[in-house]
Amino acid sequence: MSNLISFIIGVASSLFATYILQIIGFFSKILPPKFRKSFDREYKNQKKALRSIRKDAKNSTTLRVIAMKGDTFSNPGAAGELHDLLINGPKIQKYLISNPNNPYVAQRAKELENQNLKMGIQNSIGCFEEIITKNSNIELRKHNEILRFRLIIFDNSLYLSFQSTDTPGRYSPMQRYIKTSSGYLALEAFFEDLWSKYK
């Protein structure tokens, strides 16, 4: 009898917990951003986040990016899934791309078994520079950092994706952070510090 009662209590507790989680999930969508957790969405990869990224871009006056190649924006071909933002996106754009001679590039090339990585960075920089000659509101700087993540920062949100040892950033999970979160504020400050460092 006691086992039956314990079982019934366990089932009831489980159902109650599920109900509470559903309520929390509902209110997390309607509460003001400052009351939500740091990142409000997570996507399987960059492709899954494209619609959200473009939506946020439309409501932003700035776009700031830290990446190794940045060809998601610079490449006019299939690899440039967000090339349209470089051309017709936010008015002010800042791109912080790895220096082709950054020692970390060689390490990353080994991890990905991609011996064309350095050339890919050089090509991406060339594409950026060509666009910059036509639009003075776009800036490009090159860093020498060891970075295991990429950042796409808008006025009110940012997107963060990690680079595992065997997976390019575009194929890694991507998180969206809202402006009022500590995550957004810390990563935005990180970008601005690096941007100032590589004048």
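Source: prediction; values computed, not measured.

Caption draft 1: Just the packing of aromatic side chains, in detail. Considering all chains together, one arrives at 5 aromatic pairs under this definition. Ring centres of Tyr-95 and Phe-128 lie 4.6 Å apart, and the angle between their planes is 40°; on these two criteria the pair is classed as tilted. You can see Tyr-95 sitting in strand E3 (residues 92–98) and its partner Phe-128 sitting in helix H6 (residues 117–132), a full 33 residues away along the chain. With a centroid separation of 5.7 Å and 55° between ring planes, the pair formed by Phe-149 and Phe-190 is classed as tilted. Here Phe-149, found in strand E5 (residues 149–153), pairs with Phe-190, found in helix H7 (residues 182–197); they are 41 residues apart in sequence, far enough to count as distant. Of the residues examined, Phe-149 reaches a relative accessible area of 18% and is grouped as buried. Judged by relative accessible area, which is 29%, Phe-190 ranks as partly exposed. Put simply, the rings of Phe-73, Tyr-95 and Phe-128 touch in pairs and so form one group of aromatic residues.

Caption draft 2: Molecular detail of the environment of Pro-100. Turning to its location among the elements, Pro-100 is positioned in the loop between E3 and helix H5 (103–112). In the structure, Pro-100 is positioned 22 residues away from Gln-122 in sequence and 6.2 Å away in space, judged by C-alpha atoms. Filtering out sequence-adjacent residues up to four positions away, Pro-100 remains in contact with Val-105, Lys-118, Ile-121, Gln-122, Ile-125 and Lys-142.

Caption draft 3: Looking closely at H6. Compared with the 22 Å implied by 1.5 Å per residue over 16 residues, the 23 Å span of H6 between its first and last C-alpha is a close match. Among all positions of H6, only Leu-117, Gly-120, Ile-121, Ser-124, Ile-125, Phe-128 and Ile-131 are buried. On an axial view of H6, the arc spanned by its buried residues comes to 135°, and they lie on one face. Residues of H6 that are buried make contact with helix H3 (71–74), helix H4 (83–88), E3, H5 and strand E4 (138–143).

Caption draft 4: The pattern of salt bridges, seen in detail. Here the structure, examined in full by the defined rule, presents 11 salt bridges. Here Asp-84 and Arg-54 are joined by a salt bridge, their closest N and O atoms 3.0 Å apart. Of this pair, Asp-84 sits in helix H4 while Arg-54 sits in helix H2 (residues 46–58), and the two are 30 residues apart along the sequence. According to the relative accessible area criterion, Asp-84 is partly exposed, its value standing at 32%. Taking the relative accessible area as the measure of exposure, Arg-54 reaches 29% and is therefore partly exposed. Note that Lys-197 and Glu-145 form a salt bridge whose closest N and O atoms lie 2.8 Å from each other.

Caption draft 5: Structural view of the environment of Ala-57. Relative to the helices and strands, Ala-57 is located in helix H2. Residues Ala-57 and Phe-154, spaced 97 residues apart in sequence, show a C-alpha to C-alpha distance of 6.6 Å. What Ala-57 contacts, discounting residues up to four positions off in sequence, is Leu-85, Pro-90 and Phe-154.

Caption draft 6: Local environment of the layout of surface pockets. Estimated volume of the largest pocket: approximately 240 Å³. Looking at the largest pocket, it is lined by 16 residues, and the ones nearest its centre are Lys-69, Asp-71, Pro-168, Gly-169 and Arg-170. Across the lining of the largest pocket, the residue classes break down as 6 nonpolar, 5 polar and 5 charged.

Definitions and cut-offs
- Each chain has its residues counted from 1, running along the sequence as written.
- For this predicted model, a pLDDT threshold of at least 70 governs which residues receive local features, and a threshold of 80 or more governs which side-chain atom pairs are given and counted, while totals over whole chains, interfaces and linings are taken from all residues.
- The side-chain values count all of the structure's non-hydrogen atoms but skip hydrogen atoms and water molecules.
- Centre distance within 6.5 Å is the pairing criterion for rings of Phe, Tyr and Trp, where only the six-membered ring of Trp is used; planes under 30 degrees apart are then read as stacked, over 60 as edge-to-face, and the remainder as tilted.
- Helix and strand labels come from DSSP, where a helix needs a run of H or I of at least four residues and a strand needs a run of E of at least two; each type is numbered from the N terminus.
- With a 1.4 Å probe rolled over the protein chains alone, any residue whose accessible area is under 20% of its type maximum counts as buried; one over 50% counts as exposed, and the rest are partly exposed.
- We call two residues in contact when some of their heavy atoms are within 4.5 Å.
- Under the convention used throughout, the expected extent of a helix is 1.5 Å for every residue step, that is, one less than its residue count.
- What the arc describes is the spread of directions from the helix axis to the C-beta atoms.
- Salt bridge, as used here, is a side-chain nitrogen of Lys or Arg placed within 4 Å of a carboxyl oxygen of Asp or Glu.
- Throughout, the protein atoms alone are placed on a 1 Å grid, and a set of points is a cavity if a 1.4 Å probe fits but cannot get out or a pocket if it is open with protein on both sides within 12 Å along at least five of seven lines; lining residues have an atom within 4 Å of a point.
- Grid points are joined across faces, edges and corners, and a volume is the space filled by probe spheres set on the points.
- Residues are grouped as follows: Ala, Val, Leu, Ile, Met, Phe, Trp, Tyr, Cys and Pro are nonpolar; Asp, Glu, Lys and Arg are charged; all remaining types, including Gly, are polar.

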